[in-house]
Each structure stands twice: as C-alpha cells, then as structure tokens.
Amino acid sequence: MSVQPSKSRRAAPVLLLLGAVAYTAWVLEVVLSTGLDPVRTYVSELAAADQPLGGLFRATDLLAGLLVLAGAVAALLTLRRRPWATAGWAALALFGAATAVDSRLPLSCAPTSDPECAARETAGLVPATHTAHAISSSLAMMGALAALVLLTVAARRYGWWPPLGRVAPWLTLAELAATAWTLSSIAAFTEGHGNWALGVGQRLQVLLVALYVGLLAWCVGRAGTTTGREGEPV
C-alpha cells in the first residue's frame, strides 16, 4: 500500500477527536437550564422537538455524527487495512452515520418527564419519528459497541496503538455494563416498574463511547507521528 501524504494521515485522528468532543455536548446541561432531570431522562430528550434547547443539541448530535463518520472513512482510506481494523472502522462509520440520522429524527416530546407524552407514546399517538428515532439510536449503539470490540481486538492482535490495547478492554467492559444498565432501565420504565436511574446509565454509556473515540484518536495520531507511515507499526 502506498504511503499517503501526512495531512491525509492526520485527518482521521483530528476528525475523530472533534467528533468525540461534540458527542459530549450533553454535559452542557450542567450549566444550562434544560428543565430535565439527568438522573431520570434520556439524553435524546434534550434534543426533543418541544424542548427549548432542542435545536442546540440536535445540531451538536449532527456534528458529532458527521465528524465521526468522516474520521472513520478517512481511517479506512489512509491507514493500513487488516481484517479486524477494517471491520472496526466500518462499524465506527455506522455509528457516526446513524448518530447523524438520529439527530434528524428527534422525539416530539420527553416521555420520561412528561406523563402525557408517555401516555401518547404508549397509545401510539406520537409521530412516526419516535419509532424511527428508536431504530437509528439502536443502530448507532450497535455500531459503537461493535467498533469498541473490533478495534480493541485489532490493537491487541496486531500490536498497534499500545495505550488503546491496554485501556480499551476495560472501557469496553464498562461500556457493556452501562449498556446492560440502560436496556434494563428502559425495559423497567416501559413496563411501569420505575426508572432505575435511566439517565445516569445512558449518560455513562455515551460518555464511555466518547472517551473511547477520543483515546482512539490520540493513539492513531500519536502512531502516525512516530512511525511516519500509515499510523500503525509495520
């Protein structure tokens, strides 16, 4: 494989790092008055159509998705291709694309904080975007989980990105635990058995994805500057 220009090699880590930062925009709820309880509510409810700051959070979700998608595609085009890594970058591209689509399919209201919204959702009286949003959100998280597993295996199997190889298994296990917490909480809420701190579990889930993508970006960028090649050892 021919060596790509250095600027092309730097594109992937820069785009991924910016995407990771944009994906944590929900932490602005700490300083902004959203009216939503972060312990109980979905992160995506911040971007609901009826929320006063919904436009801001839809925009940051769109930006995050497009940046991660572009970073993953740049990695596929400029870094060495090995099976586990190629599959991992493709999964990360799916995460980015689904996140961008998700931002264009906002909830119409916030079901965990608005009983009327929850009742309409249960009765099927909400717009079809609620179902579409659930599908795109599921695809995004499936892509993220697959990327975490596949790129962690690539780092360890091929001896690439040593810091990622050491830290990523623990991040991946934590992400799987946070996902199990979130899914259990959603099931409990849907069945009327309480909330189970749904908001905390989901915020931990998305935070760990952002941390992983940020660490990945740093490792790829560091490898590119130290090897002067495609970003991984030969």
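Structure shown above.
This structure is a prediction, so every number in the text was calculated from the model and none was measured.

A. Broad picture of the overall build of the protein. Helix and strand counts for the protein come out as seven helices and zero strands. Order of helices (α) and strands (β) in the protein, N terminus to C terminus: α-α-α-α-α-α-α. A compact globule built from 234 residues would reach a C-alpha radius of gyration of about 17 Å, and the protein, at 19 Å, matches this within 12%. In terms of overall dimensions, the protein has a C-alpha envelope of 60 × 30 × 30 Å along the principal axes.

B. Spotlight on the packing of aromatic side chains. Going through the model one piece at a time under the given rule, you end up with four aromatic pairs. Here Trp89 and Trp161 contribute two aromatic rings whose centre-to-centre distance is 6.1 Å and whose plane-to-plane angle is 75 degrees, an arrangement assigned as edge-to-face. With Trp89 in helix α3 (residues 83-103) and Trp161 in the loop between α5 (129-158) and α6 (162-190), this residue pair connects regions lying 72 residues apart in the sequence. Judged by its relative accessible area of 2%, Trp161 falls in the buried class. Geometry around Tyr158 places Arg82 over its ring, the cationic atom sitting 4.3 Å from the centre.

C. Representation of α6 within the structure. With 29 residues, α6 should cover 42 Å at 1.5 Å per step; its first-to-last C-alpha distance of 42 Å lies within 8% of that length. Maximum bend of α6: about 40 degrees, positioned at Ala168, with proline Pro169 one to four residues after it. Restricting attention to buried positions, one finds in α6 the residues Pro163, Leu164, Gly165, Ala168, Leu171, Thr172, Glu175, Ala178, Thr179, Thr182, Ser185 and Ala188. Following α6 by one or two positions, Gly192 has its phi on the positive side, about 75 degrees.

D. Empty space enclosed by the protein, seen in detail. In total, this model carries two cavities of 30 Å³ or more according to the counting rule given. In this model, the largest cavity occupies a volume close to 50 Å³. In terms of lining residues, the largest cavity is bounded by Ser44, Ala47, Arg58, Asp61, Asp102, Ser103, Pro106 and His133. Those elements that provide at least two residues to the lining of the largest cavity are α2 (54-78) and α3.

E. Spatial organisation of the nonpolar core. Ranked by size, the top nonpolar core spans 53 residues in total, and within it Trp89, Leu92, Trp161, Leu164 and Leu216 carry the most contacts. Those elements giving two or more residues to this core turn out to be α1 (6-22), α2, α3, α5, α6 and α7 (198-227). Examining the composition of this core, we find that 12 residues originate from one element, α7, more than from any other.

F. Summary view of the side chain of Arg203. With respect to the helices and strands, Arg203 occurs in helix α7. On the basis of relative accessible area, Arg203 is assigned to the buried category, the value being 6%. A polar contact is formed between the side chain of Arg203 and the backbone oxygen of Pro38, at a distance of 3.2 Å. For Arg203, the side chain forms a polar contact with the main-chain oxygen of Thr41, separated by 2.6 Å. Once residues within four sequence positions are removed from consideration, Arg203 is found in contact with Trp26, Glu29, Pro38, Thr41, Tyr42, Val43 and Leu46.

What counts, and where the lines are drawn
- Residues numbered from 1 in each chain as written.
- Predicted model: local features only at pLDDT ≥ 70, side-chain atom pairs only at ≥ 80, totals over all residues.
- Heavy atoms only, no water.
- Helix = DSSP H or I, 4+ residues; strand = E, 2+ residues; numbered from the N terminus.
- Rg over C-alpha atoms; globule rule 2.2 N^0.38 Å.
- Phe/Tyr/Trp six-rings, centres within 6.5 Å; stacked < 30°, edge-to-face > 60°.
- Buried < 20%, exposed > 50% of the residue type's maximum accessible area, 1.4 Å probe, protein only.
- Lys NZ or Arg CZ within 6 Å of the ring centre and 35° of its normal.
- Expected span 1.5 Å × (residues − 1).
- Bend = angle between axes of the 7 residues up to and from the residue.
- 1 Å grid on protein atoms, 1.4 Å probe; cavity = no way out; pocket = protein on both sides within 12 Å on 5 of 7 lines; lining within 4 Å.
- Points joined across faces, edges and corners; volume = space filled by probe spheres on them.
- Core = buried A, V, L, I, M, F, W, Y, C linked by side-chain atoms within 4.5 Å.
- Polar contact = N/O pair within 3.5 Å; in protein donor to acceptor, adjacent residues only side chain to side chain.
- Contact = heavy atoms within 4.5 Å.

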